[in-house]
Number of protein chains: 2
Amino acid sequence: MAPPLLPPTLQILRRRFSSLVSPPSKVLLYDEHGAPDQVLRAADVPPVPLGDRDVCVRMLAAPINPSDINRIEGVYPVRPPLPGAVGGYEGVGQVHAVGPAVTAPLCPGDWVIPSPPSFGTWQTYIVKHESVWHKVRNDVPMEYAATVTVNPLTALRMLQDFVKLNPGDAIVQNGATSIVGQCVIQLAKVHGIRTINIIRDRRGSEEAINKLKQLGADEVFTESQLDMKNVKSLLGALPEPALGFNCVGGNAASLLLKFLRQGGTMVTYGGMSKRPVTVPTSYFIFKDISLRGFWLQKWMNSDKVEDSRTMIDYLLGLVHEGKLKYEMELIPFSEFILALEKALGKHGSQPKQVMRF
Amino acid sequence: MAPPLLPPTLQILRRRFSSLVSPPSKVLLYDEHGAPDQVLRAADVPPVPLGDRDVCVRMLAAPINPSDINRIEGVYPVRPPLPGAVGGYEGVGQVHAVGPAVTAPLCPGDWVIPSPPSFGTWQTYIVKHESVWHKVRNDVPMEYAATVTVNPLTALRMLQDFVKLNPGDAIVQNGATSIVGQCVIQLAKVHGIRTINIIRDRRGSEEAINKLKQLGADEVFTESQLDMKNVKSLLGALPEPALGFNCVGGNAASLLLKFLRQGGTMVTYGGMSKRPVTVPTSYFIFKDISLRGFWLQKWMNSDKVEDSRTMIDYLLGLVHEGKLKYEMELIPFSEFILALEKALGKHGSQPKQVMRF
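Residues numbered from 1 in each chain as written. Chains lettered and ligands numbered in written order. Predicted model: local features only at pLDDT ≥ 70, side-chain atom pairs only at ≥ 80, totals over all residues. Heavy atoms only, no water.

A few words on helix α7 (residues 205–215) of chain A. Residue and element names in this part refer to chain A. Within α7 the residues assigned to the buried category are Ser 205, Ala 208, Ile 209, Leu 212 and Leu 215. Relative to the axis of α7, the buried residues are bounded by an arc of 120 degrees and lie together on one face. Across from the buried face of α7, at angles greater than 90 degrees, the exposed residues are Glu 206, Glu 207 and Gln 214. Structurally, α7 contributes buried residues whose contacts are with α6 (179–190), β10 (194–199) and β11 (219–222). With its phi angle positive at about 120 degrees, Gly 216 sits one or two positions after the end of α7. (Buried < 20%, exposed > 50% of the residue type's maximum accessible area, 1.4 Å probe, protein only. Helix = DSSP H or I, 4+ residues; strand = E, 2+ residues; numbered from the N terminus. Arc of directions from axis to C-beta. Contact = heavy atoms within 4.5 Å.)

Our focus in this paragraph is the pairing of strand β6 (residues 111–114) of chain A. Residues and elements named next belong to chain A. Where burial is concerned, the two faces of β6 agree: the one with Trp 111 and Ile 113 and the one with Val 112 and Pro 114 are both buried. In this structure, strand β5 (residues 92–98) lies alongside β6, joined through two bridges in antiparallel fashion. Residue Gln 94 lies in a different strand from β6, and its bridge partner there is Trp 111. Bridge count between β6 and strand β8 (residues 133–136): four bridges; the pairing is antiparallel. Bridging across to β8, Ile 113 finds its partner in His 134. (Pairing = 2+ DSSP bridges.)

Residue and element names in this part refer to chain B. With antiparallel pairing, the three strands of this open sheet are ordered in space as β2-β1-β4. The two strands at the open ends of the sheet, each matched to only one other strand, are β2 (41–45) and β4 (85–86). Across five bridges, strand β1 (residues 25–30) lies against β2 in antiparallel orientation. Along β2, the bridge assignment pairs Leu 28 with Ala 42.

Attention shifts here to the relation of the copies chain B and chain A. With an RMSD of 0.0 Å, the operation that places chain B on chain A is a rotation of 180 degrees combined with a shift of 0.0 Å along the axis. With respect to symmetry, the two chain copies, as superposed, fit the operation of a two-fold axis. A share of 100% of interface residues in chain B that are also interface residues in chain A marks the association as one of identical surfaces. (Least-squares fit on C-alpha atoms with pLDDT ≥ 70 in both.)

Let us now look at the side chain of B:Ser22. Its location among the elements puts B:Ser22 in the loop between α1 (8–17) and β1. B:Ser22 has contacts with B:Pro47, B:Val48, B:Leu50, B:Cys56 and B:Val127, leaving out every residue within four places of it along the chain.

Before going further, it helps to spend a moment on helix α11 (residues 336–343) of chain B. Residues and elements named next belong to chain B. For α11, the full list of buried residues reads Phe 336, Ala 339, Leu 340 and Lys 342. Take α11 and look down its axis: the buried residues cluster within an arc of 160 degrees, on one side only. Contacts from the buried residues of α11 go to β1, α2 (36–39), β2, α3 (66–73), β16 (328–332) and β17 (352–356). Immediately downstream of α11, the backbone of Gly 345 shows phi near 85 degrees, a positive value.

Next up on the list: the interface of chain B and chain A. In this assembly, 24 residues from chain B lie in contact with 24 residues from chain A. Summed over both sides, the interface between chain B and chain A buries roughly 2,000 Å², with carbon and sulfur atoms accounting for 63% of that surface. When the area that chain B buries against chain A is broken down by residue, the three leading residues are B:Phe284, B:Ile285 and B:Phe286, summing to 28%. Inspection of the chain B/chain A interface yields zero salt bridges. Remark: the boundary between chain B and chain A carries six residue pairs in polar contact (both at pLDDT 80 or more). Elements with a contribution of two residues or more to the side of chain B that touches chain A: β14 (277–279), α9 (281–285) and β15 (290–293) of chain B. Sort the elements by how many residues they give to the side of chain B that touches chain A and β15(B) lands first, with four residues. In terms of residue class, the side of chain B that touches chain A is built from 14 nonpolar, seven polar and three charged. As judged from the three bridges shared by strand β14 (residues 277–279) of chain A and β14(B), these two strands associate in the antiparallel manner. Bridging across to β14(B), A:Thr278 finds its partner in B:Thr278. (Buried area = accessible area lost by both parts, 1.4 Å probe. Salt bridge = Lys/Arg side-chain N within 4 Å of Asp/Glu carboxyl O. Polar contact = N/O pair within 3.5 Å; in protein donor to acceptor, adjacent residues only side chain to side chain. Nonpolar A, V, L, I, M, F, W, Y, C, P; charged D, E, K, R; others polar.)

Moving on to the packing of helix α5 (residues 149–161) of chain B against helix α10 (residues 305–320) of chain B. Residue and element names in this part refer to chain B. With their axes 10 Å apart at the nearest point, α5 and α10 run at an angle of 100 degrees to one another. By the angle class used here, α5 and α10 are roughly perpendicular. Taking contact as the criterion, the partners of Thr 149, Pro 152, Leu 153, Leu 156 and Arg 157 in α5 are, on α10, Ser 308, Met 311, Ile 312, Tyr 314 and Leu 315. A breakdown of the residues in the contact of α5 with α10 according to their chemical character gives seven nonpolar, two polar and one charged. (Axes fitted to C-alpha atoms, helices over the stretch in contact; angles between N-to-C directions. Parallel < 35°, antiparallel > 145°, perpendicular 65-115°, else oblique.)

A word on the side chain of B:Thr121. All names here are of chain B. Examined against the element boundaries, Thr 121 turns out to sit in the loop between β6 (111–114) and β7 (125–129). A relative accessible area of 1% places Thr 121 in the buried class. A polar atom in the side chain of Thr 121 sits 3.0 Å from the backbone nitrogen of Tyr 89. Residue contacts for Thr 121: discarding those within four places in its chain leaves Met 59, Ala 62, Gly 87, Gly 88, Tyr 89, Glu 90, Gly 91, Pro 114, Ile 126 and Phe 357.

What follows is about the UniProt feature "domain: Enoyl reductase (ER)" (unreviewed entry) in chain A. Mapped onto this structure's residue numbering, the UniProt feature "domain: Enoyl reductase (ER)" (unreviewed entry) falls at residues 34–355 of chain A. Note that residues 34–355 of chain A is 29% helix and 24% strand, and that its end C-alpha atoms are spaced 21 Å apart. (UniProt positions renumbered as here; feature names shortened; annotations may be inferred.)

Right, let's talk about the sheet that holds strand β2 (residues 41–45) of chain A for a bit. The strand order β2-β1-β4 (chain A) describes an open sheet built from three strands, whose pairing is antiparallel. The open sheet terminates on both sides in strands that have one partner only, identified here as β2 and β4 (85–86) of chain A.

This part takes up the pattern of salt bridges. All names here are of chain A. Following the criterion strictly, the structure yields 26 salt bridges over all chains and no others. A salt bridge links Asp 44 to Lys 26, with the nearest nitrogen and oxygen atoms 2.9 Å apart. Placement of the pair is Asp 44 in strand β2 and Lys 26 in strand β1 (residues 25–30), with a sequence separation of 18 residues. Residue classification places Asp 44 among the exposed residues on the basis of a relative accessible area of 61%. When its relative accessible area of 40% is taken as the criterion, Lys 26 is described as partly exposed.

Attention now moves to the domain arrangement of chain A. All names here are of chain A. Along its sequence, chain A is organised into domain 1 (18–147 + 327–356) and domain 2 (151–294). Domain 1 and domain 2 are separated by 32 Å when their C-alpha centres are compared. Taken residue by residue, the interface counts four residues in domain 1 and five residues in domain 2. Counting the surface domain 1 buries against domain 2, the share from its top three residues, Thr 147, Glu 327 and Lys 352, is 76%. At the junction of domain 1 with domain 2, the criterion picks out one salt bridge. The salt bridge partner of Lys 211 is Glu 327, with a shortest N-O separation of 3.1 Å. Our count for the contact surface shared by domain 1 and domain 2 stands at two residue pairs in polar contact (both at pLDDT 80 or more). Tallied by class, the residues present in the side of domain 1 that touches domain 2 amount to no nonpolar, two polar and two charged. (Domains from an automatic or database assignment.)

Our focus in this paragraph is the confidence of the model for chain A. Residue and element names in this part refer to chain A. On average, residues of chain A carry a pLDDT of 93, and 95% of them reach 70 or more. Low confidence marks residues 1–6, where pLDDT is under 50. Its contacts with residues over four positions away, or in another chain, come to three contacts. Scored below 50 in pLDDT, residues 10–18 makes nine contacts in the model with residues more than four places away or belonging to other chains. (pLDDT = per-residue confidence, 0-100.)

Another point: the packing of aromatic side chains. In this structure the tally under the stated criterion is 16 aromatic pairs over all chains. Ring geometry for A:Tyr89 and A:Phe119: centres 5.8 Å apart, planes at 40 degrees, overall tilted. With a gap of 30 residues between them, A:Tyr89 in the loop between β4 and β5 and A:Phe119 in the loop between β6 and β7 (125–129) connect regions that are remote in the sequence. Here A:Tyr89 falls in the buried class, since its relative accessible area comes to 9%. Overall, the relative accessible area of 29% leaves A:Phe119 in the partly exposed class. Connected via pairs of aromatic rings, a cluster forms that spans A:Tyr76, A:Trp295 and B:Phe286. (Phe/Tyr/Trp six-rings, centres within 6.5 Å; stacked < 30°, edge-to-face > 60°.)

Next up, the structure:
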């Protein structure tokens, strides 16, 4: 049977789009905020037509970051609108098809990441304007390309944005076993910066200390080891740090502050303990301590895109050289509920969960 | 009887010094740290010879500042050595005599202040190098000349050192009834800056609110009035403040933080509640709030002397014009124990105590 005649406008539209559509995609979406393992569901999305400058990407891998969890819970200030929000914010994929007017040098098979990251990486195929995608090297493990922005870039920026550090200087951080913490240790080492690391007391802390020292940590203390008046006596030959990174809050932030030198700065980028930061007045007045905050979001503005991409290439270069590594677990997309449970801490301490599509 | 012959060296020394000695002085000194009304005692000090470039000053008035109390208690980081420490740090006096080689244009009768302030203003006569003394105008009440450095200069610097403010901008402060707080209100007004003021709940708070409004305060709230979710709804036509001054800590600091705009700065310069500053992690990360400290001490360095003196002249000019005022009580030096008790809060709320010599 001959196809029915279409009106002329639709004929044009059809010529323009029908040749290029994405494959059907599998997505993880949520229609309301709540516990991620309750509200997220897998769904099939029909093929999407590609605009002239769109690129269709087959996703390879995407992590579950704490901020992804917070977005689904509805407690993160920047999040996609409901209903029909797709989870995920960063990840890596492979170019599947490009629109006819795409000017970026992107070919099918190239690895690309959304840069700046954007909502909805937890799906098998994504169609977005070419400007969204940044081509990255494909000779690193895909889980690193999938996770290079949110954590390693945070570590890199925090080392550069607050205090001018010179080789031989020291920094102090808590939550040192976190991925940002591990990146801080390794990036600092690359630049000759010494690190003083605070971790929480737990079974197996000896093992954690050894792991961090293998990454290049100069000193690692558990919180209970710092339950003393003069923590600076523990510094040995290390200089007093002018900069500290806090992702825990509560007691761990107070311990960090005790290490800072006169005029030092503590940067807060997380609050894992869910406790606030508490500071005696004398630290501000007599020690001239500054407290700042870091949010990667400001590096996601359009005027920072080129800088961010340059830094991402640098970071993946370090990964390739073996100078930047952290533990991750690749888990099949189909087992997303298990991955979420692990990311939520329901199976004890687990490495970063990265879904593989 | 003829005087005994002196060896030649002593004869020279005698010629040099014997002609100029200070009158005997009455001082308030302490030999150990402790409660000021316990450890301070009045003592007579014999005449002191003037060096060639020394100036002998008869003190007119000197205040009792909280930092003076803390020095005597031994809890202030910068304090005079024991035993034999003389109390006080700022004050005004009258030139009594100048050494023969003094080059500064100082004549007997001129009003001078130690600038930067220096230890030991609680005495009737002080002999110090001419470089210590800054001549000030004598057409203002002496209690203002005596107190111009520690409090008004703090207010002036805090308005300038942290955030660039333009006419129409707003700042927020707690402890607004303190002398620094009152100076902030008036200096801000001179520069077209609006002020949001937080005071503690107490009997007579209506009167305190009216007093501050008469000084030029745009808004005055008691802490309990701010016990609500959206304090910014109280701003009315005032812009969100980019800068806040905290001299209280605890809840009063938390209330102040709620007013600050995205990217705002809170400067801590005191801790009257003796409670620490407690900040939720989200303020640092998502509101990009910075916490800093101010200590006037850094304006006391030798490289800042000229700047400080220029600012002091400016401040006393404002006093003369009636644009800067605050409540003080002049109390005779002989009643120093009563003055200390009042300064220590043992007689209820009292104005700033200034001893008159």
